[in-house]
Amino acid sequence: MKLVKTYGRGKAAADALIESLERRGAVNTARVEPAVRGILAGVKKDGDRALLRYAAEFDELAKDQLLLVSRDEMKSAWDSTAPALQAAMMVARANILAFAEAQMPQEWTISPVDGVKTGQIVRPLGSVGCYVPGGRYPLPSTLLMTVTPAQVAGVERIVVCSPKPAKETMAAAWLAGVTEFYRVGGAQAIAAMAYGTATIERVDKIVGPGNLYVTAAKTLVANDCGIDMPAGPTEIVVTSETGDAAGIAADLIAQAEHDPETLAVLITSKETLARDVAAEVKLRARDNKIAKQSLAAQGCVFVTATVREARELTNRLAPEHLTVDSDADLKWIRNAGSVFVGEYAPQSMGDYISGPNHVLPTGRVGRVRGGLSVSDFVKVITVQRYTRAGLKKMGPHAVALAEAEGLKGHAESVRVRMQ
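Summarised in this report is the structure supplied together with it.

Calculation notes
Residues numbered from 1 in each chain as written. Predicted model: local features only at pLDDT ≥ 70, side-chain atom pairs only at ≥ 80, totals over all residues. Heavy atoms only, no water. Helix = DSSP H or I, 4+ residues; strand = E, 2+ residues; numbered from the N terminus. Buried < 20%, exposed > 50% of the residue type's maximum accessible area, 1.4 Å probe, protein only. Contact = heavy atoms within 4.5 Å. Phe/Tyr/Trp six-rings, centres within 6.5 Å; stacked < 30°, edge-to-face > 60°. Lys NZ or Arg CZ within 6 Å of the ring centre and 35° of its normal. Core = buried A, V, L, I, M, F, W, Y, C linked by side-chain atoms within 4.5 Å.

**A closer look at the overall build of the protein chain**
Of the regular secondary structure elements, the protein chain holds 16 helices and 14 strands. Dimensions of the protein chain, computed from the C-alpha atoms along their principal axes, are close to 80 × 60 × 45 Å. A total of 419 residues make up the protein chain; the buried ones form 50% of that total. Long-range pairs, those at least 24 residues apart, make up 72% of the contacts in the protein chain with a sequence separation of at least 6.

See the structure below:
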């Protein structure tokens, strides 16, 4: 990991590096955008023919393999899963379910004046596509994280796409009651869910994390299909003054092993802590090929002049995962996907078992939204009711505003009902 001081002789280099990290989302996806555009156009034009060609090329789909994973395959995978892993999946699903239920938006009505009632109703999306990565590692946790809140929201049709789905992922699908699961990944899966093919009917919204190709594809189809957010590659920032070097290093390595493109950053005003963490990372990442690769390429340790500067830099980076020292730190945090507090809250707990979603915004999208939630699977629809008396009270104000804007038809639509 590079050790960078944000003050003194290192200030200019640090400023340049920070500015490049602030642009990371657009810069990273731009590298793969031409290839992704070609894949999207191919599936949009040729449907299943292109989808199967790409699935064979990128997902190692055999000629005699069906895209659709059957419920029998899922059940067989579940039955052959070790009891300890079955138990872990059930605990994780229960916690995700409980958290999503607590997040569910509520319906309500207020009455600003007599004769007027305003409020909101909550309705689920009709269909969603859940993308579950499967290239380097099986990710049954992501299946549970994406499917479960959609079920809590009441989504009628839930589609899962995952390349080369492992037994563990299919077992999680059985546990979650998934009925529509396709063995296809990458930009081609995003295209199929966004545009539709003969085999895969299009969905209303696509959610889930992925590599640069998946993230770029989601961004490019956003005009044709709803998406949650750019969610990948992985990012971790640890902002600490008092943390344990071994624990911080372990968290950095844990997230870094997701992808060679992972961004892993420590921010501190304590140079001793910075050097201790860098040494621990070097020692502990020796036998972790992907983590070692991403930490060498994107790993940074920023040493700031003050604690305040460390906090400001953290909010500038708006990281996907953020670890801080104590509850007091929550007061200054403005931008982050998910926050982990204290030395006994490893980020891996959030990846698997805590309940809050691990599908989180990357590329500084944490400035404008948090992680995936049950709210991503519902529509909040506003409702307004008037009685004649209520209209007579409020109508003149609407007429005044309409006439001020020169919209005579608006004014008349109110006036005619007040007579």
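The structure having been displayed, the exposition proceeds.
**Brief notes about the packing of aromatic side chains**
In total, this model carries one aromatic pair according to the counting rule given. Ring geometry for Y54 versus F58: centroids 6.1 Å apart, planes at 15°, classification stacked. Taken together, the residues span about one helical turn, with Y54 and F58 both in helix α3 (residues 48–58) at a distance of four residues. Assessed through its relative accessible area of 11%, Y54 is described here as buried. It is R53 that lies over the ring of Y54; its NZ or CZ is 5.0 Å from the centre.

**What about the nonpolar core?**
Membership of the largest hydrophobic core comes to 38 residues, with the highest contact counts inside it found for L143 and F181. Elements with a minimum of two residues in this core: α4 (71–79), α5 (83–103), β4 (127–131), α6 (140–153), β5 (157–161) and α7 (167–176). The element that contributes the greatest number of residues to this core is α6, accounting for six residues. If sequence neighbours within four positions are ignored, L143 has contacts with V132, T148, V160, T169, A172, A173, A176, V178 and F181. With 34 residues, the next largest nonpolar core counts V36, Y131, A192 and V214 among its residues.

In short, the description is geometric, and any link to function would need to be established separately.
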